[in-house]
Structures are given as C-alpha cells and as structure tokens.
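Secondary and tertiary structure notes
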Amino acid sequence: MTNHTHDQKGGRPTGGRLFCAAAVVPFALVCWVFFQFFYPYHFYYQEQNQLFLWSADYLCAYFDAPGGLARLAGDCLTQLYYYQYAGALILTLAIAAIGLLLCKAMRGFRAGRAVAAATGLLAMALVAVSHFSLSYKLFSTVSVMGWAAVLWLVSLARGWRLRVAAAACLLPAAWWLLGLPQAKALKRPDFILERDFAVANEYYFGNHDRVIGMVEGAPERTREMLFFYNLVRAQRGELPDHLLAFTPTELGTFYSIGPETPRQTIINMNELYWALGDMTFTERAAMMACVFAPNNRNVRMVKRLAECNLVSGDTLAAEKYLRLLDKTLAYRKWAGRVRSHGKDIYRAKMQMVNTRDTITVSDNAHFLMMQLLDANPANTVALDYILCSTLLLKDIDGFKRDYDRYCTDTGRHRPKPLYQEALCIWLAGTDAPQEEWQRYVQSPDVVQRFREYGRRRGDARFKGTYWYYFDKEKAPEI
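Nothing here was measured: the structure is a model prediction, and the numbers come from that model.

Some remarks on the overall build of the chain
A tally of helices and strands in the chain yields 25 helices and zero strands. For the chain, whose C-alpha radius of gyration is 29 Å, the value lies well above the compact-globule estimate of 23 Å for 478 residues. Projecting the C-alpha coordinates of the chain onto the three principal axes gives extents of approximately 105 × 55 × 35 Å. By the burial criterion, 49% of the 478 residues in the chain qualify as buried. Sequence-distant contacts in the chain: of pairs separated by 6 or more residues, those separated by 24 or more amount to 65%.

Shown next, in the form of structure tokens:
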C-alpha cells in the first residue's frame, strides 16, 4: 500500500503534504544561521548604499522599465536591513519561498519526490551563494521567487492545454513585473571583506570600544580595519600611543580622491575628514560616494551631507537633505532630531571647523590639517594626525617643523612617548646642545632608552618604539 491517496478528479497526490516543507525548512535554517551569525554586515552595506523614499513619484519610477515590481519589492525590503536581525530573516524567508514554490510546482507536474526536493534545494543553494557577492541585489531574489510562483500557478492547471493557456496569460505580465534576475558568477563568501564591513559599521554605529576589541582580537588585520582603529584612537587622544601597535598601519592621510579611487575608500575618507573637522572635504567625499552609489543615492552619505551643512551653518542646504530623510522609514526620526537639536548635537564639531577664508586646490591632507590647526590649535585630532603622518613617512625634519609650530610655539606641549622618541632622533642628528634636549624631551627614561638603543640598534626588544620603526619598517608610498 502506498503512503498517499489520490483525489477523484485529477489523480493528484494528496498524501505527504508536509513533504516540501520538510525538504526546505532545514536548508533554510542553515541559511539563516550563516547569514545572521557569519555574514551579517553585508546587509548593512546593502542598506546604506540605497535611499528608498516613500513618495509617489519615486515609487512610480520603478515601473518605467520591465522588472519594476521586483525592484520595488527588493529595494523596499532592503531598507529593512537597517534593523538588527531583519536582513538574515528577510533573505531566508525569500530563499525558503523559492524552494517551497519550486518543490510544489515540480510535484504539480508529477515529478517524483526526490526530483522535486532536489530542484527546490538546488535553486535555494544557487540563490544563497549568489548573495555572497555584493553586487547581487535582493530584487533578483524577489524576481526568482516571482517566476517560481508563476511556475507553481501553471502547475495547478489540469491538462497541458490549460497549462499552455495559463502560461500564455501569465508570462507577459510576469515579464513586465518581474523582469529577469541578475546573472552573476558564483563566488565564495568573502570573510575578509565581512570583517572590514564589521569594523566600519561598528564605527559608524558609534561602538568604538567594539572596534578596538575587534581589531586587537583579530588573527589578521587589513588596512581598512587599522584605518578605523586609528580613527577611534585619534578621537580619544590616543593615536600616538597606539600608532605602531600594528605595522604596517593605515591613517588614510596619504589618499586622494580621483576617478580610480574605490568607492569604499571614498566613504572612509569622508569619515576621516569629518573626524578632522574639515566640512568642505567631508562634503566632497560624501558627494563622490553618492555619485558611485546605485542611482546616485546613498543614505549614509545623505545623512553626512545634512550634518556637514548643519555644522557649517547652512541650514537651508541641510534642510534639502533632511527632507529626503523625512521620506524614509528608518531615518525620519533621526532627521527630526537633528533638525530640532542640531546645535547641541554638533556643538563640539562646530568648534573644529576652519573659519578662515581659503581656497584649496588640492586634497593634500597635510595642507588641510595645517589650515585646521591654524584656525583652531586645540584640534587634537588634526594635531595627532599631522604629526603621526610625518612620522610614518620618516620625515623627521617635517615632524620637527610641525611640532614647533603647533606644540612648542603655542605652549601646548604634547609629551607623548612616540613624539619624544622622534625628537630624540632629530636632536641626536643635529648635535643639539643639552638645553635643547631638556626643552624637548622631558622624560629621563626616554633619553636613557634612546642611549641604550644606540648601543643595540635594531634589536627586536625595542620593537614598538619609533626608533625601531625608523630603522626597520618600510615607510608608506605616496
């Protein structure tokens, strides 16, 4: 006796109705666990690189070309990636729906259980693997799900004539509404990029302690991870204390924005300029990041453009961007808060901006930081970045010039061990008199260790000092 029965009209199997769910659910759970716990930060990247607006003209524009419904649904759901746990859940449900619909469709076409299950699981696996790629969008998965639904609906018709008629009716509408999914080469998951996104997003969310813990606890560190690590340390006044913790390190001050600059680097430069207090170049970097984003819209950069103009005092320009954010689901409350309390929120940042009238024709970071420090000598972020940048280049003369200009001459001596060690090199190289040593190097321990290093030059026991870096490490190329 078989384990299923047949209805009287079409002989369709009615037993084992839970078979498709039993085949799909375990694989769907595996997908959810992977994307939630091993690949979650890709969702934030996808969400931040679009700007979905709840306005009639924006929504109607989706239907100017085939696939409008799939794109609309995909982008609408992508905005929900902003919320924790939402990304993995949405993607898993979409993948599970594809597997379930294809399995049921194959059963409707009288395929055996093994064939039906294999078809559904194969489709689920292909879609899941496709999402390892950053360029594969959720609307493609929605499109696949829509076509699986069309196939299932056709399978419900009894007899090949009705099925042909159903297909003829459904295909034109499906083509216009669903379009075709993206065709992408399958890739392995990029866990290095995921770690980069993890550090970048935790910095963006303001979880600076977590950034430090993630970088210091990582088995290997990329330049992007070190960029944000140094950015956190600088804003805490700790950059010279940790600059040489990992070598080679990354400050970002030797980059320039051009046509060949990767988009992620431009986004990072926006964060550097913002931390330094240069609103002009922050705005430029944010604009460039929007240019390279899909449809020239990046919600993270729109927020930053609003902030730049609020800090600069151009409330009318800021309002232009805030009105856009008013039409979003996740950022409307943020827009209302900064509109009402922007002066209080950004009071400290307003004190860092360059208030002098200047025309800058280059994005040379050293020149920009000089402008910021000339306008506001208390800008310790710019001070540490300009000094540490010259030290990484092993430009001792440049370091001494900047140190005198912004520390000694202003009476704001900054006796950090790293700076003291660098000054020892300059003092020894210029045969400075004892009075100069006493003026620049206040720590007798630093002088004693420098003398000891002179007897054991290059000894690995001095690793972590600027003297060891100066002798043994390679300076960055610019």
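A closer look at unusual backbone geometry
A cis amide bond links Thr-247 with the next residue in sequence, Pro-248, at an omega value of -5 degrees. Its location among the elements puts Pro-248 in the loop between helix H12 (239-242) and helix H13 (263-276). Backbone geometry places Arg-110, a non-glycine residue, at a positive phi of 70 degrees. Secondary-structure assignment places Arg-110 in the loop between helix H5 (86-108) and helix H6 (113-130). What makes Arg-110 exposed here is its relative accessible area of 55%.

Side note on the confidence of the model for the chain
On average, residues of the chain carry a pLDDT of 91, and 95% of them reach 70 or more. The low-confidence segment residues 1-16, where pLDDT is below 50, has 27 contacts with residues more than four positions distant or belonging to other chains.

A word on H5
Compared with the 33 Å implied by 1.5 Å per residue over 23 residues, the 32 Å span of H5 between its first and last C-alpha is a close match. The buried fraction of H5 amounts to 17 of the 23 residues, a majority that puts the element mostly inside the structure. Directly beyond the C-terminal end of H5, a positive phi value near 70 degrees is found at Arg-110.

Considerations on the packing of aromatic side chains
Summed over all chains, the structure comprises 37 aromatic pairs. Ring centres 5.8 Å apart and planes at 65 degrees place the aromatic pair Tyr-39 and Phe-132 in the edge-to-face group. Pair noted here: Tyr-39 is in the loop between helix H1 (19-37) and helix H2 (41-48) and Phe-132 is in the loop between H6 and helix H7 (138-156), with a separation of 93 residues, a long-range link. Each member of the pair Tyr-39 and Phe-132 is classed as buried. The interplanar angle of 55 degrees and the centroid separation of 5.6 Å between the aromatic rings of Tyr-273 and Phe-281 together place this pair among those described as tilted. Considered together, Tyr-273 and Phe-281 belong to a single accessibility category, that of buried residues. Three or more aromatic residues joined by ring pairs make a cluster, and in this case those are Phe-34, Phe-35, Phe-38, Tyr-39, Phe-43, Tyr-81, Phe-132 and Phe-191. A cation over an aromatic ring shows up here: Arg-71 above the ring of Phe-139, its NZ or CZ 4.0 Å from the ring centre. Over the face of the ring belonging to Tyr-469 we find Lys-394, whose NZ or CZ atom lies 5.5 Å from the ring centre.

Regarding helix H11 (residues 223-235)
Every α-helix carries 3.6 residues per turn, so stepping three or four residues along brings you back to the same face. Taking 1.5 Å of rise per residue, the 13 residues of H11 would be expected to cover 18 Å, and the 18 Å separating its terminal C-alpha atoms lies within 8% of that figure. Among the 13 residues of H11, 11 are classified as buried, and the element is accordingly described as predominantly covered. Along H11, the positions that sit buried rather than exposed are Glu-224, Met-225, Leu-226, Phe-227, Phe-228, Tyr-229, Asn-230, Leu-231, Val-232, Arg-233 and Ala-234. The elements touched by buried residues of H11 are helix H9 (191-204), helix H10 (208-217), H12, H13 and helix H20 (380-392). Two residues or fewer after H11 comes Gly-237, characterised by a positive phi angle close to 75 degrees.

Conventions adopted
- Throughout, a residue's number is its position along its own chain's written sequence, starting from 1.
- Reporting of local features is limited, given that this is a predicted model, to residues whose pLDDT is at least 70; pairs of side-chain atoms are given and counted only at 80 or more, and all residues count toward the totals for whole chains, interfaces and linings.
- Side-chain numbers come from the whole structure's heavy atoms, not from hydrogens or water.
- Note on conventions: DSSP H or I runs of at least 4 residues are helices, E runs of at least 2 residues are strands, and numbering of each starts at the N terminus.
- Between the two quantities, the radius of gyration covers C-alpha atoms and the globule rule is 2.2 Å times the number of residues to the power 0.38.
- Relative accessible area decides the class of each residue, using a 1.4 Å probe on protein chains only: under 20% of the type maximum gives buried, over 50% gives exposed, and in between gives partly exposed.
- For this analysis, residues touch if any pair of their heavy atoms sits within 4.5 Å.
- Residue-level confidence of the predictor is summarised by pLDDT, bounded by 0 at the bottom and 100 at the top.
- The span one expects for a helix is its residue count, reduced by one, times 1.5 Å.
- Between rings of Phe, Tyr and Trp, where Trp is taken as its six-membered ring, a pair exists when centres lie within 6.5 Å; planes separated by under 30 degrees are stacked, by over 60 edge-to-face, and by other angles tilted.
- Look at NZ for Lys and CZ for Arg. If either is within 6 Å of the ring centre and within 35 degrees of the ring normal, a charge sits over the ring.

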